[in-house]
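# A closer look at the structure
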Amino acid sequence: MPSYTAPTRDAKFILNEVLDVASYGNLPGFQSATPDLINTVVDESGKFAAAVLAPLNQVGDHEGCTRHPDGSVTTPTGFKAAFDQYVEAGWSTLTAPEEFGGQGMPHVLGSVLEEFISSANQSFGMYPGLTQGAVSAILATGSDEQKALFAPRMIANQWLGTMNLTEPQCGTDLGLIRTRAEPQGDGSFAITGTKIFISAGEHDLAENIIHLVLAKTPGAPDSSKGISLFIVPKFLVGDDGSIGERNAVQCGSIEHKMGIHGNSTCVMNYDGAKGWLVGEEMKGLAAMFIMMNAARLGVGIQGLSQAEVAYQNAVAYARDRRQGRALTGPADPAEKADPIIVHPDVRRMLMDAKAFTEGMRALVLWGGLLVDLTHNAPSEEERGQADALLGLLTPVIKGYGTDKGFDTAVNMQQVFGGHGYIHEWGMEQFVRDARIAQIYEGTNGVQAMDLCGRKLASKGGAAIQAFFKMVDDEVAASDGELAPLAEALGKAVGEQKAATMWFMQNAMANPNNLGAGAHHYMHIMGVVCLGLMWLRMAKAAAVRVADGDGDGAFYQAKLTTARYFFERFVPDVGALRRKIETGAEALMALDEDAFLTAA
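Counting restarts for each chain, with residues numbered from 1 along the sequence as it is written. With the structure being a predicted model, the display of local features is reserved for residues of pLDDT at least 70 and the display and counting of side-chain atom pairs for 80 or more, all residues being used for whole-chain, interface and lining totals. As a rule here, side-chain values cover all heavy atoms of the structure and leave hydrogens and water aside.

## Here's the deal with the overall build of the protein chain
- Helices and strands together make up the secondary structure of the protein chain, namely 17 helices and 11 strands.
- Atoms counted for the radius of gyration: C-alpha only. Globule rule: 2.2 Å times residue count to the power 0.38. Against the 2.2 N^0.38 benchmark of 25 Å for 599 residues, the protein chain shows a C-alpha radius of gyration of 24 Å, consistent with a compact globule.
- Overall, the C-alpha framework of the protein chain stretches about 80 × 70 × 60 Å when taken along its three principal axes.
- Residue-level accessible areas treat just the shown protein chains as cover; the underlying method is Shrake-Rupley with a 1.4 Å probe. Total accessible area computed for the protein chain in this model is approximately 24800 Å², and 53% of it derives from carbon and sulfur atoms.
- Charged residues are defined narrowly, with Lys and Arg counted positive, Asp and Glu counted negative, and His plus the chain ends left uncounted. Working definition for charges: the position is that of NZ of Lys, CZ of Arg, CG of Asp or CD of Glu. With 47 positive and 69 negative side-chain charges, the protein chain shows a separation of 4 Å between the mean positions of the two kinds. Under the scheme used here, helices are H or I runs from DSSP no shorter than 4 residues and strands are E runs no shorter than 2 residues, and both carry numbers assigned from the N terminus.

So, in C-alpha cells, the structure goes:
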C-alpha cells in the first residue's frame, strides 16, 4: 500500500525563509500569521492529510461513487466520516473572510493545506476545493443577501458548491451553451438544460449543494456575451437558511473516468430548476472566471501533489529494491545486489522529481502570496502589480505544473519497473489521477494560448516586462557561489525575451505562428519561473550553511538540487526557443485528409 508524509519541513522553509511571510505582518490577514502559528498550521494540516485522508485514497479509487435509482450519490467508504472530521477541525474556514465565519488567514497558508490534501487524496480534496471557488464568485459578484445567505454556510462546508459550465456540445467555447434561464414572476429563473463533467455534482457529504450554473436568458446574444450566472441549490432554502423542498436538478449519471474515482463527476439535468441571478444579466462569464482562475491555481497544485506523493513512494522503493551492482563497484558487498538508488538512471528520475516538486512548491506558494497581495497590499498600485503578475503566472502554474506533474508521476512509476504497473503498489493510480489535471479547468493548450495570446500583450506587455525585470534584478543581486546559477538563469530569461520578441514580430502576420509556439513558450516560462524559485531558495540555504545554523543536511541538499536544476532543466529553454522560431508553416501545411491512415 502506498504511503504519504506531508512535506512540512519544505513548506515551512519556503514560507518562513524564502517568502518571509512574517514580514507582511502589517497587512490584513497576516497580523496573526506568526512563524509559530504558521508552523502549527503546516504541521497539523500535514498530520490530518497523512493520517485521515491518505488511507482512503485507494479505497476511493477501488470503490468509486455509487449513483442510486433516485439520482442520489454515495461517496466511497470513509469519505463522509473524514469530511466530518475536516469540517470539525475548521480546515474549510482557514482563509475565508472573518465577517462570513472564516479565520481570515493568508491564502498562501491555504495553498499549503491544499497541496497536502490533494497529495493524500485528490478525489476527496475536490469536494471542499471547488466550494472555495464558488464562494469567491458569490462574494465578488453576488448581492448582499446572497452573500449573507450562502457564504457563511458554504465556508463552514455545511453546504458545498459546484461550477456548471460544460455541456455535451461545448467545452471551452462556452458561447455554444444551450441551457436556458426563463424569468419567473417572483424574481427567480427556471433553469433547463444538461451539464456534463460536473465535479462533486451530487454526493452525501453535506446537507445541500449550491450549483453555480451558466445559462442564457431569453433574447440574449447567442455567444459568450449572452451568458449569465445563476445560483441553483439542490434543496431550496429559506431566507433563514432552512432547508426546503428538492429543486428540479438531478444527477443523471456518473461519468466512468480514467482516474479520480472517489469524486462524483456527474451529468446534471436541470428541468425547470429554480435559480437566482448572480451579478448582472449577461455578465456571467466574467463572474465564472473568478471561479475558474481560483480553480486553475488549484489544479496546478494538483500537478505538484501527485508528483510529490509519487516521488515519495519511488524513493522508498528505490532504497529498498535490490537489482544489480553500482557501476563503480558493489555499494553493499554484504548483499547479493545493491539498492537501485545507486544506478544513475534511477537517480536521474528521482533528481528530476525532487528538482521539480521543490521548485514547483515554491512557485505555488509564491502564487498564493500574490493572491493575498492582490487584495491586501498597501496601495492600489501594488495591488494592481500583484494582480497582473498573478494573471501572468496562473496559466504557467496550471499548464506547466500539470504537464511536469504528470511526467513526474510517470517517471516515478518507471522506478518501480513491473511493480509500478500493478494496482497494489498504487503508482498507476497516481498516474491516472494526475492525468486529468492537464485537461480540466481549461486544457493546457488553452492555458498556453491564454498566456501567449492574452497575458503577454495585456496592457502593452506591462506584466511580462515586470517579470523580466524581477528576474534580471534577482540575477544581478547574486554573486559568490551562486553566480553560476544566476548566470544560467540570466541566459534562460534571455532566451525567453528573444522568444517573446519573435512572437511580436511574427504573430501579427500569421496568428498560427503564435498558436504553434504557445505550448513551448509556456514551458520556457515554467523553467524560468522555477529557476527564479531555485535561485531564491539557494540564497536562503546558502545563508544558513554559512552560519552553520539549523539543519545542515537539509540546506546542503537544497544547494545541490538547485545546481542540478540549472544543469539539467535550464538547457531545454534554448531548444524550446528554436522550436518556436520554426513557425507554423510545416505544422499547418498538410491537408486534413493527409492525416488519415491509408488502407
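## Side note on the packing of helix H7 (residues 284-320) against helix H10 (residues 427-436)
- Contact pair H7 / H10: the axes reach a minimum separation of 10 Å and the direction vectors enclose 165°. The angle between H7 and H10 falls in the class roughly antiparallel. Considering only the axes of H7 and H10, their crossing is left-handed. Seen from H7, the contacting residues are Gln 306, Val 309, Ala 310 and Asn 313; seen from H10, they are Met 427, Phe 430, Asp 433 and Ala 434. Where helices are involved, their axes are fitted lines through C-alpha atoms of the stretch in contact, as for all axes, and angles between N-to-C directions lie from 0 to 180°. For classification purposes, an angle smaller than 35 degrees is called roughly parallel, one larger than 145 roughly antiparallel, one from 65 to 115 roughly perpendicular, and anything else oblique. What makes a crossing left-handed is the near helix being turned counterclockwise from the far one by less than a right angle; a clockwise turn instead makes it right-handed. Whether two residues touch is decided by their heavy atoms; if any such pair falls within 4.5 Å, the residues are in contact.

## Points about the packing of aromatic side chains
- Two aromatic rings from Phe, Tyr or Trp, using only the six-membered ring of Trp, form a pair when their centres are within 6.5 Å; if the ring planes differ by under 30 degrees the pair is stacked, by over 60 it is edge-to-face, and anything between is tilted. Here the structure, examined in full by the defined rule, presents 20 aromatic pairs.
- When the ring of Tyr 317 is compared with that of Trp 425, the centres are 5.4 Å apart and the planes differ by 85°; the resulting orientation is edge-to-face. Taken together, the positions of Tyr 317 in helix H7 and Trp 425 in the loop between helix H9 (380-415) and H10 put the pair 108 residues apart, joining distant regions of the chain.
- For every residue, the accessible area (1.4 Å probe, protein chains only) is compared with the maximum for its type, and the residue is labelled buried under 20%, exposed over 50%, or partly exposed between those bounds. Given a relative accessible area of 30%, Trp 425 falls into the partly exposed group.
- Feature note: the residues Phe 48, Phe 79, Phe 83, Tyr 86 and Phe 124 constitute an aromatic cluster, connected by ring pairs.
- Consider the ring centre and the ring normal. A charge sits over the ring if Lys NZ or Arg CZ is within 6 Å of that centre and within 35 degrees of that normal. When the ring centre of Phe 235 is taken as origin, the NZ or CZ atom of Arg 246, which lies over that ring, is 5.6 Å away.
- The ring of Trp 366 has Arg 536 sitting right over it, with the charged end atom 5.0 Å from the ring centre.

## Focus on unusual backbone geometry
- The backbone of Ala 200 shows a phi angle near 60°, a positive value even though the residue is not glycine.
- With respect to the secondary-structure elements, Ala 200 resides in the loop between strand E5 (189-199) and strand E6 (208-216).
- The class for Ala 200 is buried, based on a relative accessible area of 1%.

## A look at the side chain of Asn 164
- Along the polypeptide, Asn 164 turns up in strand E3 (residues 159-164).
- Its relative accessible area of 0% is what places Asn 164 among the buried residues.
- Think of a polar contact as two N or O atoms within 3.5 Å of one another; within protein, one of them needs to be a possible hydrogen donor and the other a possible acceptor, and neighboring residues in sequence only count if both atoms come from side chains. Polar contacts involving the side chain of Asn 164 include one to the side chain of Thr 162, which spans 2.9 Å.
- With residues near it in sequence (within four places) discarded, Asn 164 still touches Lys 195, Ile 198, His 211, Leu 212, Val 213, Leu 214, Met 268, Tyr 270 and Met 288.

## Some points on the layout of surface pockets
- Space inside and on the surface of the protein is sampled on a 1 Å grid over the protein atoms alone, with a cavity defined as a set of points where a 1.4 Å probe fits but cannot get out and a pocket as an open set with protein on both sides within 12 Å along at least 5 of 7 lines; lining residues have an atom within 4 Å of a point. Grid points are joined across faces, edges and corners, and a volume is the space filled by probe spheres set on the points. Considered as a void within the structure, the second largest pocket measures approximately 310 Å³ in volume.
- Along the walls of the second largest pocket sit 14 residues, with Cys 452, Leu 456, Ala 457, Phe 503 and Met 504 positioned nearest its centre.
- If one sorts the elements of the lining of the second largest pocket by residue count, helix H13 (residues 483-506) sits on top with 3 residues.
- As a working rule, the residues Ala, Val, Leu, Ile, Met, Phe, Trp, Tyr, Cys and Pro are called nonpolar, Asp, Glu, Lys and Arg charged, and the rest polar, with Gly in that last group. Considered class by class, the residues forming the lining of the second largest pocket number 9 nonpolar, 5 polar and no charged.

## Quick notes on the environment of Phe 124
- By secondary structure assignment, the location of Phe 124 is in helix H5 (residues 107-141).
- Judged by its relative accessible area of 0%, Phe 124 falls in the buried class.
- Beyond its immediate sequence surroundings of up to four residues, Phe 124 is in contact with Leu 53, Phe 79, Ala 82, Phe 83, Tyr 86 and Ile 117.

## A closer look at the nonpolar core
- Residues Met 412, Val 415, Phe 467 and Tyr 521 are the most contacted members of the largest nonpolar core, which totals 156 residues.
- Element by element, the count of residues in this core is highest for helix H14 (residues 511-547), at 19 residues.
- Look past the residues within four positions of Val 415 in its chain and what remains in contact with it is Ala 314, Tyr 317, Ala 318, Ile 340, Val 346, Met 349 and Leu 350.
- Buried residues of nine kinds, namely Ala, Val, Leu, Ile, Met, Phe, Trp, Tyr and Cys, make up a nonpolar core once their side-chain atoms join them within 4.5 Å. Listed in part, the 32 residues of the second largest apolar core include Phe 100, Ala 151, Leu 165 and Val 278.

## Notes on the environment of Gln 465
- As for its position among the elements, Gln 465 is in helix H12 (residues 462-476).
- In this structure Gln 465 comes out as partly exposed when scored by relative accessible area, which is 47%.
- Taking the C-alpha atoms as reference points, Gln 465 and Lys 497, separated by 32 residues in sequence, lie 9.2 Å from one another.

## Concerning helix H4 (residues 79-88)
- Three or more residues of H4 are buried, namely Phe 79, Ala 82, Phe 83 and Tyr 86. Buried residues in H4, looked at end-on, bunch into an arc of 100°, giving them a common side.
- Of the residues flanking the end of H4, it is Gly 90, one or two places downstream, whose phi is positive at about 80°. Each direction from the helix axis to a C-beta atom contributes to the arc, which is the arc of those directions.

## Regarding H13
- For H13, with 24 residues, the first-to-last C-alpha span of 34 Å sits near the 34 Å given by 1.5 Å per residue.
- Within the span of H13, buried status applies to Leu 485, Ala 486, Ala 488, Leu 489, Ala 492, Val 493, Gln 496, Ala 499, Thr 500, Trp 502 and Phe 503.
- Tucked into the core, H13 has its buried residues touching helix H11 (444-455), H12, H14, helix H15 (552-568) and helix H16 (572-580). By definition here, a helix of n residues has an expected span of 1.5 Å times n minus one.

## Digging into the pairing of strand E4 (residues 180-183)
- Strands are treated as partners if at least two bridges between them are detected by DSSP. Note that E4 and E5 share 4 bridges and pair antiparallel. Bridge pairing links Pro 183 to Phe 189 in E5.
- Between E4 and E5, which pair antiparallel one after the other, the connecting turn spans 5 residues, and Gly 187 there sits at a positive phi close to 95°.

## So, the pattern of salt bridges
- By definition, a salt bridge exists where a carboxyl oxygen of Asp or Glu is found within 4 Å of a side-chain nitrogen of Lys or Arg. Per the counting criterion, the structure on display carries 30 salt bridges.
- Here Glu 167 and Lys 195 are joined by a salt bridge, their closest N and O atoms 2.9 Å apart. Of this pair, Glu 167 sits in the loop between E3 and E4 while Lys 195 sits in strand E5; the two residues are 28 residues apart in sequence, bridging distant segments of the chain.
- Judged by its relative accessible area of 2%, Glu 167 falls in the buried class.
- Looking at Lys 195, the relative accessible area reads 0%, which means it is buried.
- A salt bridge links Arg 536 to Glu 474; the shortest N-O distance between them is 3.1 Å. A residue pair is termed long-range when its members are at least 10 positions apart, and Arg 536 in helix H14 and Glu 474 in helix H12 qualify at 62 residues. For the pair Arg 536 and Glu 474, one class covers both residues: buried.
- A single network of salt bridges, built from pairs that share partners, joins Asp 10, Glu 115, Glu 308, Lys 354, Glu 358, Arg 361 and Lys 558.

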